[in-house]
Amino acid sequence: QYRHNSGTDRRIDPSPTNIIDMYVLTESYNKSYREYLKDKSGKMLEPEKPTMLDMTVQYNELENLKSISDSITYSPANFKILFGKKAPQELQATFKVVRVRNSQISNAEIRTRVIETINEYFNIDNWDFGDTFFFSELGAYIHNELVQEIGSIVIVPTTSSQNFGDLFQITSEANEIFVSAATVDDVEIVDSVTATELRSNTTVNIFGGFTPTTLRT
């Protein structure tokens, strides 16, 4: 008699000796989803994830490579959306950027370059399932790429219920991969980073270049 309890996201099959559970992100779904995030018209619908049956048919050749006692199951990947208006409310944010005084480019171009750099950072080749996001790493990458244009950059949650620093570290589930939905509307050019800009009443670290400085508010 076979008795076993499992969660709703697991299948029980007592016959195979080895169940290979695979999270799969298809190239077509990845491409269509990123196009959906870039769409500002609101007319593009969120693409549907491939079903388990779709992936079983698409990757049927893997059945010829497994052992007889193995069973392969396919689970579609989930994107964890960060920053933009298409992200969950608790993950939406504004990037506050202080430009270098002698920079020769406009504020609009700085905002565009910041978003392009963020998209490069969240390229699918840089992430895996279950990774953890650290803003300190993103801030260092942006500043390194735009060192001649920006003096410092911080990230501030858009919801009033959150505090500065709440989005400095974000974890993903085992079937999730990070993607950014930030647009130029989520980048704000400021003269300086003040307590009002951060909505903070504590001692916080401001990322400016590669050396954090302390702002007391």
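Scroll up to find the structure.
Predicted model only: the values in this text are computed from it and were never measured.

Asks: How should I be thinking about the pairing of strand E8 (residues 176-180) in this particular structure?
Replies: Side-chain direction in a regular strand flips from residue to residue, so the side chains alternate between the two faces of the sheet. With five of five residues buried, E8 lies mostly within the body of the structure. Burial along E8 is two-sided: Glu176, Phe178 and Ser180 and Ile177 and Val179, pointing in opposite directions, are all buried. Strand direction decides the pairing type here: strand E3 (residues 78-82) and E8, joined by five bridges, are parallel. Looking across to E8, one finds that Lys80 is bridged to Phe178.

Asks: Would you take a moment to explain the packing of aromatic side chains for this structure?
Replies: Note on aromatic pairs: each is described by the distance of the centres and the angle between the planes. Enumeration according to the criterion identifies 18 aromatic pairs in this entry. Residues Tyr29 and Tyr33 carry aromatic rings whose centres are separated by 5.6 Å and whose planes lie at 55° to one another, so their mutual orientation is tilted. In this pair, Tyr29 and Tyr33 both sit in helix H1 (residues 27-38), four residues apart, roughly one turn of the helix. Of the two residues, Tyr29 and Tyr33, neither departs from the other in class, the shared state being buried. Note on Phe133 and Phe178: the rings are 6.4 Å apart at their centroids and 65° apart in plane angle, and the pair reads as edge-to-face. On the criterion of sequence distance, the pair formed by Phe133 in strand E5 (residues 132-134) and Phe178 in strand E8 is long-range, its members being 45 residues apart. Given a relative accessible area of 0%, Phe133 falls into the buried group. Classification of Phe178 by relative accessible area gives buried; the value is 1%.

Definitions and cut-offs
- Residues numbered from 1 in each chain as written.
- Predicted model: local features only at pLDDT ≥ 70, side-chain atom pairs only at ≥ 80, totals over all residues.
- Heavy atoms only, no water.
- Buried < 20%, exposed > 50% of the residue type's maximum accessible area, 1.4 Å probe, protein only.
- Helix = DSSP H or I, 4+ residues; strand = E, 2+ residues; numbered from the N terminus.
- Pairing = 2+ DSSP bridges.
- Phe/Tyr/Trp six-rings, centres within 6.5 Å; stacked < 30°, edge-to-face > 60°.

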